[in-house]
Amino acid sequence: MSDTLVPEGTMIGRRVERREDERLLTGHGGYLDDLDLPDALAAAFLRSPHAHAKILSFDATEALTLPGVVAVFSGADLMEIQKPLAPKVQHPQLRDYPRLPMPPQELHYVGEPLAVVVAESRYIAEDALELIEVDFEVLPAVASTAVALQENGPLAHSGDESNVAVLLTQSAGDAAKALAEAPNVLSEEFFVMRGGGHSMETRGVAARFEMATGQVTIWDTTQAPHYARQQLSVIYEMAEDDIRVIAPADVGGGFGPKAQFYGEEVVIPWVAMKLGRAVKWVEDRQENMVTSMMERSQTHRVDVGFDDNGLLLAVKDVIEHDQGAYCAGLQVPSITTSTVPGPYHVPNIEIELRACYTNMVPTSSVRGAGRPQAVFVMERMIDRIAEHLGLDPADVRRRNLIQADEFPYKVGIMFRDGSPLTYDSGDFPTLLEGTLERIGYTEARERQAKLREEGRYVGIGLSVYIEGCGLGPYEGAKIRLTNKGRILVTLAAAGQGQGYETVYAQIAADGIGLDMDYIEVKTGDTSRIPFGQGTFASRITATCGPAVMDAAKQMRERLIDTAAVLLGCDASEVDFVGDKACLGGDLEKSVSLQQLAQTANIGKHGITMPRGIKAGIETSSYFSPERAAYASGAHAALVEVDPETGEIEILKYVIGHDCGNVINPLLVDGQVLGGFAHGIGNAMYEEPVYDVEGQPQATSYLDYALVSATEVPPVELFHIQTPSPLNPLGVKGAGEGGTIPAPATIANAVEDALRPLRARVTRAPITPARIVDAIHRAESTSADQD
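Note that this is a predicted model, so its numbers are computed, not measured. (Residues numbered from 1 in each chain as written. Predicted model: local features only at pLDDT ≥ 70, side-chain atom pairs only at ≥ 80, totals over all residues. Heavy atoms only, no water.)

## Examining the overall build of the protein chain
This is how it is decided: Secondary structure elements follow DSSP: runs of H or I no shorter than four residues count as helices, runs of E no shorter than two count as strands, and numbering proceeds from the N terminus. Radius of gyration: over C-alpha atoms. The globule rule applied is 2.2 Å multiplied by the number of residues raised to the 0.38 power. Per-residue accessibility, obtained with a 1.4 Å probe over protein chains only, is compared with the maximum for each type, and a residue is labelled buried under 20%, exposed over 50%, and partly exposed between these values. Any two residues whose heavy atoms approach within 4.5 Å are treated as being in contact. In this description, accessible areas are obtained by the Shrake-Rupley approach with a 1.4 Å probe, and a residue is regarded as covered only by the protein chains that are shown.
Per the secondary structure count, the protein chain includes 19 helices and 29 strands. Taken over the C-alpha trace, the protein chain has a radius of gyration of 28 Å; the compact-globule value for 786 residues is 28 Å, and the two agree within 12%. Projected onto its principal axes, the C-alpha positions of the protein chain cover 100 × 70 × 45 Å. Going through the 786 residues of the protein chain one by one, you find that 61% of them count as buried. Restricting to contacts in the protein chain with at least 6 residues of sequence separation, those with at least 24 account for 80%. Of the roughly 29,800 Å² of accessible surface on the protein chain, a fraction of 49% belongs to carbon and sulfur atoms.

Below you can see the structure in the form of structure tokens.
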């Protein structure tokens, strides 16, 4: 999409460069650790070295004698705030095990905080940690869903009746009957490994208590400051107005883990209030590797029934989901269950979820949030159907895709937002055909056949996906004319690098009819706007965007009406030229924005306001979507695999993407490509391995293969735009689309490349070692059959 297609005078749809970039690229970004809090103390946490253990004794005597140590608090010292951190998404059948800020008795994963040291410097606090004596009783640990569901196996929580958190089933039609009657049935087991968010900036909290007012100010690298304030208000039993949570404007990425609420966010402000001094804690990288929430780990046992033409008749999927030590929310497995059918007609569906507790760090959303696993399963089985019937994988997809004239399309099951899963708009066939054309599908198949004759293993992988996004319940915006004559747009949502300062200035500029140079955007401060939800689930453009547009239109009306009174004309005769409201476009008959503020906002003490002018030029709006919108896309990869080493070379990669109307194509491209890098990591590299005792084995980047620019191949990206009817801007989410189908696409391409060897790809990430193992297994199976 180019600027030439955008109507003159409008900003929505233009490739505007990010306002944030200059300060970030010149080293002037302001992150939490840059916060200068005079006389602030530093905090460091003592964490469990065991996956499952009881605390028998705790002695901080020696630590307290270290010069510079101000205080040491164990979990037992915090009983007044030892209240459960509630799961974000719950279910009546969920067996929730309370997650306390700093457990005083039993610990349930390596890295769980058990004490905090507060000192004059972080160095002193870290030294003091080593002087604390703790006696543990080490308990058996649960380090996989297989062990968790074992009969008479160890329990993740002592005294619990089982490790099962929740059992749920979603269904439409009669999958059992359809599978029994289907001409063809295929079954497979897939496993998708854990992975983390790995934002450049780790988690962090700083807090300062004002004794005179009884108010606490908290700086938090959260994606959801209003959610954090609400949690703290309940735990501290304080009025929400006495708690100000600020998410700094520059945050080095979130990707989901920072949307959750952690014990450290409860402990640090409480310590600041207790000591009457500012306290700061910034998670170090090793803590981030071990204690920030992760995602992905799921085992799927799937059956698909289909006819001789490859038409899907039924899908049954039994999912084992690793909830980790506690349930931070059921959003991820809920999304997985509703994403399995994907963009296809599936008349009979049965999805069974078995979420269980293990002794590993809790899981929650990481970019993609339950969707990559579902897409991996469905897209792998589409390829298996094609193989079974001797059909082209692209043809099997064509035959099953929901068509562009079938929207709104009701799938027959429920989505994670509590509404029936109903796709709002899309054009899946166009996405697939556009992707095939750009990858050069026909030529690639011909090339593949020739190279196979030369002993080279080249494969083509395809994936088509949908992404539920734009979730409720609401998001809001406040717009005010400042006393300096500028427009200030305030959002509750905390930006995580998406470019909020740019995008929402574009929307406001169109709504008001002003140049965006006169518009400033502020985010993520609970004192600036009373209500909000936060940045997660690719939801902000579809919820906050309409709110900004509505508030901006109201602002235009307020400005015009005020100017008309001062100019002595009708409002219909007023328009903006620069920062002036003019009568008929004549600058000689105009008032500036600052003059409007001087009249309506500041006024003159004791002097009557001019008749017809309303005091205080400020507007606000909250938008609540009827239900989730659905973005979609298609990926295609051409890869070559070395069967000796298992190395994968990505020769070409194409992404087709549809997030509805695009506000800023430049930023959407960045979102998709950034997401793709994350997806390639999930597909080929990232794996936080735990041993059978629940000990993490990848606690630094020496052991955890995080992708860099070197590993991410060039991508050809194209967009189509099918506007969502669910919001007035017609937009959908764009932040996760690049991630979701990448593991499935690479897996399909690798298995396609190795088809002559009959190697099976059933686990992600697809590493060289796993490829070589798969080839050896295929050889052994073949030898046994001979």
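## Here we look at the pattern of salt bridges
Heads up, the condition is: When a carboxyl oxygen of Asp or Glu lies within 4 Å of a side-chain nitrogen of Lys or Arg, that pair is called a salt bridge.
Summed over all chains, the structure comprises 50 salt bridges. Close ionic contact of Asp-33 with Lys-280 constitutes a salt bridge, the shortest N to O distance being 3.7 Å. In this pair, Asp-33 is assigned in the loop between α1 (21-25) and β1 (41-47) and Lys-280 in strand β12 (residues 279-282), connecting sequence segments 247 residues apart. Salt-bridge contacts for Asp-395 lead to Arg-398; the nearest nitrogen and oxygen are separated by 2.6 Å. Here Asp-395 and its partner Arg-398 are both found in helix α11 (residues 393-400), three residues apart, which amounts to about one turn of the helix. Salt bridges here are not isolated pairs; linked through shared partners, they connect Glu-188, Arg-380, Arg-384, Glu-387, Arg-445, Glu-751, Asp-752, Arg-755 and Arg-760.

## Focus: the environment of Tyr-504
When you line up the elements, Tyr-504 lands in helix α14 (residues 500-512). Separated by 145 residues in the primary sequence, Tyr-504 and Asn-359 place their C-alpha atoms 42 Å from one another. Sequence-distant contacts of Tyr-504, that is, excluding residues within four places in its chain, are made with Leu-491, Val-521, Ile-540, Thr-541, Cys-544, Gly-545 and Val-548.

## Overview of the sheet that holds strand β24 (residues 586-592)
Within a sheet, neighbouring strands are paired by backbone hydrogen bonds and run either parallel or antiparallel to one another. We apply this condition: DSSP bridges decide pairing: two strands pair if at least two such bridges lie between them. Every angle, taken between N-to-C directions, lies between 0 and 180 degrees, and every axis is a line fitted to C-alpha atoms, over only the stretch in contact when it is a helix.
A sheet is described by the order of its strands in space; here three strands give the open sequence β22-β23-β24, paired in antiparallel fashion. If you trace the sheet from one side to the other, it starts and ends with β22 (574-577) and β24, each paired once. On average, each strand axis in the sheet is inclined to that of its neighbour by 45°, with strand direction left out of account. Where strand β23 (residues 580-583) meets β24, four bridges bridge the pair, whose relative direction is antiparallel. Counted as the bridge partner of Ala-581 is Val-591 from β24. In the packing of helix α16 (residues 593-602) onto the sheet, the strands contacted are β22 and β24, and the crossing angle to β24 comes to about 45°.

## Focus on the nonpolar core
Note the cut-off: Among buried residues, the Ala, Val, Leu, Ile, Met, Phe, Trp, Tyr and Cys ones that are joined through side-chain atoms within 4.5 Å form a nonpolar core.
Counting 111 residues, the largest nonpolar core has Tyr-423, Val-639, Ile-746 and Val-750 as the members making the most contacts within it. For this core, the element with the most residues is helix α10 (residues 371-389), which contributes nine residues. Beyond its immediate chain neighbours, meaning those up to four positions away, Ile-746 contacts Ala-637, Val-639, Ile-648, Ile-650, Tyr-653, Ile-680, Ala-683, Met-684 and Ile-766. If you look at the next biggest cluster of nonpolar residues, it comprises 52 residues, including Ala-542, Cys-544, Val-574 and Ile-613.

## As for the UniProt feature "domain: Aldehyde oxidase/xanthine dehydrogenase a/b hammerhead" (unreviewed entry) in the protein chain
Inclusion rule: UniProt positions are given in the numbering used here, feature names are shortened, and annotations may be inferred rather than shown by experiment.
Sequence positions flagged by UniProt for "domain: Aldehyde oxidase/xanthine dehydrogenase a/b hammerhead" (unreviewed entry) are, in local numbering, residues 26-140. Between the first and last C-alpha atoms of residues 26-140 the distance is 51 Å; the span itself is 11% helix and 30% strand.

## Remarks on the environment of Gly-476
Assignment of secondary structure puts Gly-476 in strand β19 (residues 475-481). Expressed as a C-alpha distance, the spacing of Gly-476 and His-28, which sit 448 residues apart in the sequence, is 29 Å. Discounting chain neighbours no more than four positions away, the residues touching Gly-476 are Thr-490, Leu-491, Ala-492, Ile-529, Cys-544, Ala-547, Ser-621 and Tyr-622.

## A look at the packing of α11 against helix α12 (residues 428-439)
Inclusion rule: Here is the rule for angles: anything less than 35 degrees is roughly parallel, anything more than 145 is roughly antiparallel, 65 through 115 is roughly perpendicular, and the remaining ranges are oblique. Each helix crossing is assigned a hand: it is left-handed if the near helix lies turned anticlockwise from the far helix by less than a right angle, otherwise right-handed if that turn is clockwise. Polarity classes work like this: nonpolar for Ala, Val, Leu, Ile, Met, Phe, Trp, Tyr, Cys and Pro, charged for Asp, Glu, Lys and Arg, and polar for all others, with Gly in that last group.
Running from N to C, α11 and α12 cross one another at 165°; their axes reach a closest spacing of 10 Å. The angle between α11 and α12 places the two elements in the roughly antiparallel class. Where α11 crosses over α12, the handedness of that crossing is left-handed. On α12, the residues that touch Ala-394, Arg-397 and Arg-398 of α11 are Leu-432, Glu-433 and Leu-436. Residue composition of the contact of α11 with α12, grouped by class: three nonpolar, no polar and three charged.

## Considerations on unusual backbone geometry
The omega torsion of the bond from Gly-472 to Pro-473 falls at 5°, within 30 degrees of zero and hence cis. Relative to the assigned elements, Pro-473 resides in the loop between β18 (457-469) and β19. Following Ala-764, the chain continues to Pro-765 via a peptide bond in cis, the omega torsion being 10°. A positive phi is found at Arg-296, a non-glycine position, where the angle reads about 90°. Structurally, the position occupied by Arg-296 is in the loop between α8 (285-291) and β13 (298-306). Residue classification places Arg-296 among the buried residues on the basis of a relative accessible area of 3%.

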